[in-house]
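Observations on the three-dimensional arrangement
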Amino acid sequence: MTKSQAAKIERIARKNDPDATKENILKIATEEFVAAGFSGARVDEIAERTKTSKRMIYYYFGSKEGLYLAVLEQAYTKIRTLESELDLENMPPVQAMAQLIASTFDHDDQNPDFVRLVSIENIHRAEHMKRSVVLSQMNIAVIDIISQILERGYADGSFVRRVDPVDLHMMISAQCFFRVSNRHTFGAIFERDLSSEELKKRHKSLIIDAILAFLKNPSPDLI
């Protein structure tokens, strides 16, 4: 088959399956934004790698920022969908909280591109994310999940310390996120391979135990 024949077949396939075309654009765009950031990524490069055109990308996503937001929304959708499928409401509160923490740990560990994208957006002070209604609504879900687990824990005595659900979400995210976002610098300083299975297992257990202990103990008196 010649290159022109292959290109013709690909054009027909794109026309017949726009969803697959959009998904491929998002996949390649994710790689480009992760590698070069929002400012450094080039739509021309994404078009070339996806064998589409800049015009087609703008047709689907409106602009470079629209494409970047679609990438962010897809990344957050993945973790929020994962959390919603854990069946936490049918677990005892302690088990449910431990499972939520473990799921966050595993997601961040297995999706360094997500960590990188969030870091990039923080460099931009979330100026793009603030324009996304989808992201603002989507991330309310995890706070509802945490709130429900906490309330069940308070009701049956499993949890004692009263904590704001957003604060607890920050605690969980921070500990799981840091070991991925800083694995290279932390590893270089302390000569530890944070990607090793032994350390991952130990760190997951440490984070779960620390947060559960925090919730099971009353607040200490302020000095």
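Being a predicted model, the structure only gives us computed values, none of them experimental.

On a plain count of helices and strands, the chain comes out with 12 helices and 0 strands. The helix and strand sequence of the chain, counted from the amino end, reads α-α-α-α-α-α-α-α-α-α-α-α. Counting only C-alpha atoms and orienting by the principal axes, one finds that the chain spans roughly 70 × 40 × 35 Å. Split into buried and exposed, the 223 residues of the chain put 40% on the buried side. In the chain, of all internal contacts separated by at least 6 residues, the share reaching a separation of at least 24 is 70%. Element-wise, carbon and sulfur atoms account for 54% of the exposed surface of the chain, whose accessible area totals about 13100 Å². Placing the 30 positive and 32 negative side-chain charges of the chain at their respective mean positions leaves the two points 7 Å apart.

This part takes up the UniProt feature "DNA-binding region" (unreviewed entry) in the chain. Under the present numbering, the feature "DNA-binding region" (unreviewed entry) in UniProt falls on residues 42–61. With 80% helix and 0% strand, residues 42–61 has its two end C-alpha atoms placed 14 Å apart.

The subject of this paragraph is unusual backbone geometry. You will see that Lys-51, though not glycine, has its phi angle at about 55°, which is positive. Mapping Lys-51 onto the fold places it in the loop between helix H3 (43–50) and helix H4 (54–61). With relative accessibility at 51%, the residue Lys-51 sits in the exposed group. The backbone of Arg-125 sits at a positive phi, close to 55°, despite the residue not being glycine.

The description of an aromatic ring pair rests on the distance of the ring centres and on the angle between the ring planes. Using the criterion set out here, one finds 8 aromatic pairs in the structure. Between the aromatic rings of Phe-33 and Tyr-68, the centroid separation amounts to 5.1 Å while the plane-to-plane angle is 70°, which identifies the pairing as edge-to-face. Linking Phe-33 in helix H2 (residues 18–40) with Tyr-68 in helix H5 (residues 64–84), this pair joins segments that are 35 residues apart in sequence. Comparing Phe-33 with Tyr-68, the two get one shared label, buried. Arranged with centres 5.2 Å apart and planes meeting at 75°, the rings of Tyr-76 and Phe-114 form a pair that is edge-to-face. Pair noted here: Tyr-76 is in helix H5 and Phe-114 is in helix H7 (residues 112–123), with a separation of 38 residues, a long-range link. According to the relative accessible area criterion, Phe-114 is buried, its value standing at 10%.

Cut-offs used in this document
Residues numbered from 1 in each chain as written. Predicted model: local features only at pLDDT ≥ 70, side-chain atom pairs only at ≥ 80, totals over all residues. Heavy atoms only, no water. Helix = DSSP H or I, 4+ residues; strand = E, 2+ residues; numbered from the N terminus. Buried < 20%, exposed > 50% of the residue type's maximum accessible area, 1.4 Å probe, protein only. Contact = heavy atoms within 4.5 Å. Areas by Shrake-Rupley, 256 points an atom, 1.4 Å probe, with all protein chains shown as cover. Lys, Arg positive; Asp, Glu negative; His and termini not counted. Charge placed at Lys NZ, Arg CZ, Asp CG, Glu CD. UniProt positions renumbered as here; feature names shortened; annotations may be inferred. Phe/Tyr/Trp six-rings, centres within 6.5 Å; stacked < 30°, edge-to-face > 60°.

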